[in-house]
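Spelled out from the first residue to the last, the chains are:
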Amino acid sequence: MSRSILKSLSLTLFNIESFSAFFAPFKKTLPQTYTNNFYAAKVVNIFDNNDKIYTLTIKVNSRFSFYPGQYVELLVEMNGRYIKRCFSISSSLKQLKQSKTINLTIKKQVSGKVTPWLRNNLTINSKVAISKAKGEFTLKSKSKNSLFIASGSGITPFKSLLLSNLTNGSFQEITLIYFERGQKHIFVQELEQLTHTYPNFKLIFMDTKKQGRLSIKQLALHCDDFLSRDIYLCGSANMIQDNTQLLINNSVSEAHIISEQFTSIQVTDLNLKQDRIIKYAKSNKTIFQNKDEQNNLLSLAQNNKIHVNYGCGIGICHECKCKKHSGIVFNTKTQTYSDNGEEDIQLCISIPVSHVSLGL
Amino acid sequence: MKKINEEQMANLALELNAVRDKQLADVGQNDANYIRKIIKIQRSAEIIGRIFIVSGFISPFLWVFGVLALSLSKILDNMEIGHNVLHGQYDWMNDPYINSQQFEWDIACDAASWRRVHNYEHHTYTNIIGKDRDFGYGLLRLSNDYPWRLKNLWQSVIYVILSVLFQWGISFHELAGERVFFGKKKANRQNKTSDEQLKKAFFSKGARQIVKDYILFPVLAGPFFLWVLVGNLAANIIRNLWTSTIIFCGHFTSGSFTFTEQECENESKGHWYYRQMLGSANINGGKIFHILTGHLSFQVEHHLFPDIPAHRYVAISKDVKQIAKKYDIPYNTGSFTKQYFSVLKRVFYFSFPVKDDKSLYPKFSELKK
């Protein structure tokens, strides 16, 4: 029977889109796995890389696949709430093939709610769910030499890229420059092992505390042919911005720079007096809100002629409910700050305090 | 009692906000487990009910048991699950199915249409004559704010019919049927959804419910077609009578205040809270009774905090009662018999051109300062 017939049958009989969704509350599997957007998965190992970084090994569905460098959304139930976060895969294709597992290497955000919770509460056999692999941070050319520049937990996608691609001889030359504060680098042994096995792989550890950030002098010293290479950057927003600028200033064409930005904003880091950009994804509109303005998202949408459902305007009726893809908002009814991740919010009582992306 | 002053209203708002914040801080795993447990009970009851209804040919007792189980399922789906989920009480869970935007319930009324009118119009403008269309559902005259007409004479009969067909009444009412189908428009009402959309939702959801209970499930039972058809009809009627009865006890008992639009223009949060307390009524009962009413037996608490998980109203009511006492605000509650009798009395009373009985049917404008 075709899927659409089953769907309308299930809707008619039980007012729900699928029979598996009808039975979802009876099962331990996360309900998102019935929506086709997530795969059921479970934790099979937890390893501390150091006191701030840990690696989860996750058993995945046999249909799961990825390109090295991509990330997944990890979905967990945290105190009754389904929370998802994006993490780069740090393991190889070979590992996926052999044991149907992937590794997610995660940094505990100092004032974050989710990343420390995951480490303290997930145990072996914990049920989780993961999305399909996403992202464009994958190898662009198998024949061209590459330069990888990682900062902090930005090392994770490179680990997967290296493990998966060195072994099948894809690279001609590859150099990894890996920045971390105070020599807290992770994967040190594995990376060093790779340099022994693959002479085309060159590895440089940099201590940001001692050696500072990337400079053109360092670049010339460690990778003098950087102009002829594809350059991959992964790290914080600042790191990406600064290094991209540095490379462009030194005649690297923008087409040869591939970057992946790790963002994690916390309320404590927020400068509440900053300009904010509100993206309305469906209407394809972007609104700029001045740092002194404190408008709620409903009036912002209305002022900018974006079609929006609404009702009471005081946070009672939930008619203006809308999906927030990312960003932090302040709830004027409960006087609390939201999470940075995806969730439904009531526009009429939500004031954006960071850049916000909405499904409207 | 006297009308409380502005300062008292401001303090009332602070105290009730504190009650809300205390509960919200505690919302979490227990609430998620609770609603999933209720959904499991409801879906089990539905499956058991539908199987037993078919086995009516073995013994009518099995059929009766099946009808009761299916009624239980329909009541839970309508009240503790549907009503509360559609209020957004569980939206914080980020569950793809247990949330106000996705949930669809087992009644004729399309969930989105209901949400729009109930959550916005009824909960924002509770008991404001002319704004809260739920006050009498446009069918019953329940206060002298509306002039008496000859047709009101038989409104007690209309009430009984409405109760039996409650799901259809709600469905027609929520899309503002008199406007959409008969063109009776009010000048000051904005239409955010087009008549065509409303009609489409009305017919497609209504048809789906008819197909399900009176065609598809009976056909699946083959030779026992009639057992299933009558069983489903009985379960729907039982659910209709139950929900209608409980809902009427929420605002139409004696002692429920009515308000005018002018009194509520630019009202403060404190005034809004005050109005919700004056316009709602509770029913005393045990744990299972409260669950079957979807905790609408705590109508006062529900109107103060419509989006807090409803099973928390039991605990919240202790705080609300104390606050009501402190500010000398009436806390309308009583046994099911007392409250229901007073609803019947009100429907009957206003079917005649009667004088105001200020003690039974108070108006906010008549409260002394």
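Quick notes on the rules
- Residues numbered from 1 in each chain as written.
- Chains lettered and ligands numbered in written order.
- Predicted model: local features only at pLDDT ≥ 70, side-chain atom pairs only at ≥ 80, totals over all residues.
- Helix = DSSP H or I, 4+ residues; strand = E, 2+ residues; numbered from the N terminus.
- Rg over C-alpha atoms; globule rule 2.2 N^0.38 Å.
- Buried ≥ 20, exposed ≤ 12 C-beta atoms within 10 Å, placed from the backbone.
- Contact = placed C-beta atoms within 7 Å.
- Nonpolar A, V, L, I, M, F, W, Y, C, P; charged D, E, K, R; others polar.
- Pairing = 2+ DSSP bridges.
- Core = buried A, V, L, I, M, F, W, Y, C linked by C-beta atoms within 7 Å.
- Domains from an automatic or database assignment.
- Expected span 1.5 Å × (residues − 1).
- Arc of directions from axis to C-beta.
- Axes fitted to C-alpha atoms, helices over the stretch in contact; angles between N-to-C directions.

1. Description of the overall build of chain B
Then, number 1: If you tally the helices and strands in chain B, you get 14 helices and 0 strands.
Then, number 2: The C-alpha atoms of chain B give 21 Å as radius of gyration, which agrees with the globular expectation for 369 residues (21 Å, within 12%).
Then, number 3: Overall, the C-alpha framework of chain B stretches about 70 × 55 × 40 Å when taken along its three principal axes.
Then, number 4: Taking all 369 residues of chain B together, 50% fall into the buried category.
Then, number 5: Contacts in chain B between residues far apart in sequence, at least 24 positions, make up 70% of those at least 6 positions apart.

2. Let's talk about the overall build of chain A
Then, number 1: Looking only at helices and strands, one finds 10 helices and 19 strands in chain A.
Then, number 2: The C-alpha atoms of chain A give a radius of gyration of 23 Å, which matches the 21 Å a tight globule of 360 residues would have.
Then, number 3: Principal-axis analysis of the C-alpha atoms places the extent of chain A at approximately 65 × 55 × 40 Å.
Then, number 4: The 360 residues of chain A split such that 38% are buried.

3. Looking at the interface of chain A and chain B
A common way to express how large an interface is: the accessible area buried when the components associate.
Then, number 1: Across the contact, 27 residues belong to chain A and 36 residues belong to chain B.
Then, number 2: Of all the secondary structure elements, the ones that give two or more residues to the side of chain A that touches chain B are helix 1 (3–14), helix 2 (19–23), strand 4 (81–88) and strand 17 (343–346) of chain A.
Then, number 3: For the side of chain A that touches chain B, the residue count by class is 12 nonpolar, 10 polar and 5 charged.

4. A few points about the sheet that holds strand 16 (residues 336–337) of chain A
Residues and elements named next belong to chain A.
Then, number 1: Strand order in the open sheet made by the 3 strands is 16-15-18, with antiparallel pairing throughout. Here the strands that pair on one side only, and so sit at the sheet edges, are strand 16 and strand 18 (350–352).
Then, number 2: Sheet topology note: the strand 15 (residues 329–331)/strand 16 ladder contains 2 bridges and is antiparallel. Bridge assignment links Phe330 to a residue of strand 16, and that residue is Tyr337.

5. Considerations on the environment of Ser151(A)
Residue and element names in this part refer to chain A.
Then, number 1: Considering the arrangement of structural elements, one finds Ser151 in strand 7 (residues 146–151).
Then, number 2: Residue Ser151 is classed as buried on the basis of its 25 C-beta neighbours within 10 Å.
Then, number 3: Placed 152 residues apart in sequence, Ser151 and Asn303 show a C-alpha to C-alpha distance of 41 Å.
Then, number 4: In this view, Ser151 contacts Phe179, Gly235, Ser236 and Met239; residues no more than four positions away in its chain are not counted.

6. Points about the nonpolar core
Then, number 1: Ile58(A), Leu75(A), Val128(A), Ile130(A), Ile149(A) and Ala150(A) are the most contacted members of the largest nonpolar core, which has 122 residues in total.
Then, number 2: The element best represented in this core is helix 3 (residues 60–86) of chain B, accounting for 11 residues.
Then, number 3: Beyond its immediate sequence surroundings of up to four residues, Ala150(A) is in contact with Ile155(A), Phe158(A), Leu176(A), Tyr178(A), Phe179(A), Cys234(A) and Gly235(A).
Then, number 4: Listed in part, the 24 residues of the second largest apolar core include Tyr125(B), Phe257(B), Leu278(B) and Ile316(B).

7. Digging into the domain arrangement of chain A
Residues and elements named next belong to chain A.
Then, number 1: Domain annotation for chain A reports domain 1 (1–28), domain 2 (37–131), domain 3 (146–262) and domain 4 (268–358).
Then, number 2: Computed from C-alpha atoms alone, the centre-to-centre distance between domain 2 and domain 3 is 24 Å.
Then, number 3: Listed by partner, the interface residues are 14 residues for domain 2 and 12 residues for domain 3.
Then, number 4: Elements that contribute at least two residues to the side of domain 2 that touches domain 3 include exactly helix 3 (93–99) and strand 5 (101–107).
Then, number 5: Residues belonging to the side of domain 2 that touches domain 3 are distributed by class as follows: 4 nonpolar, 8 polar and 2 charged.

8. Structural notes on the pairing of strand 4 of chain A
Residues and elements named next belong to chain A.
Then, number 1: Bridge count for strand 3 (residues 71–78) against strand 4 is 8 bridges, and the pairing is antiparallel. Looking at the pairing, Glu77 lines up with Tyr82 of strand 4.
Then, number 2: Counting the residues in the hairpin turn of strand 3 and strand 4 gives 2 residues, including Asn79, whose phi is positive at 50°.

9. Things to note about helix 9 (residues 237–249) of chain A
Residues and elements named next belong to chain A.
Then, number 1: Taking 1.5 Å per residue, 13 residues should reach 18 Å; helix 9 reaches 18 Å between its end C-alpha atoms and fits that length.
Then, number 2: Those residues of helix 9 that sit buried are Met239, Ile240, Asn243 and Leu247. Within helix 9, the buried residues cover an arc of 95° as seen down the axis, which keeps them to one side. Among the exposed residues of helix 9, those pointing more than 90 degrees away from its buried face are Ala237, Asn238, Gln245, Ile248 and Asn249.

10. Description of the sheet that holds strand 11 (residues 257–262) of chain A
All names here are of chain A.
Then, number 1: Ordered by their spatial adjacency, 5 strands build an open sheet running 9-8-7-10-11, and the pairing between neighbours is parallel. In this open sheet, the two strands that pair with only one neighbour each are strand 9 (201–207) and strand 11. Looking at each pair of strands side by side, their axes are set apart by 10° on average, direction ignored.
Then, number 2: Where strand 10 (residues 230–236) meets strand 11, 6 bridges bridge the pair, whose relative direction is parallel. Counterpart to Tyr232 in the pairing with strand 11 is Ile258.
Then, number 3: Where helix 9 meets the sheet, its contacts fall on strand 7, strand 10 and strand 11, and the angle it forms with strand 10 comes to roughly 150°.

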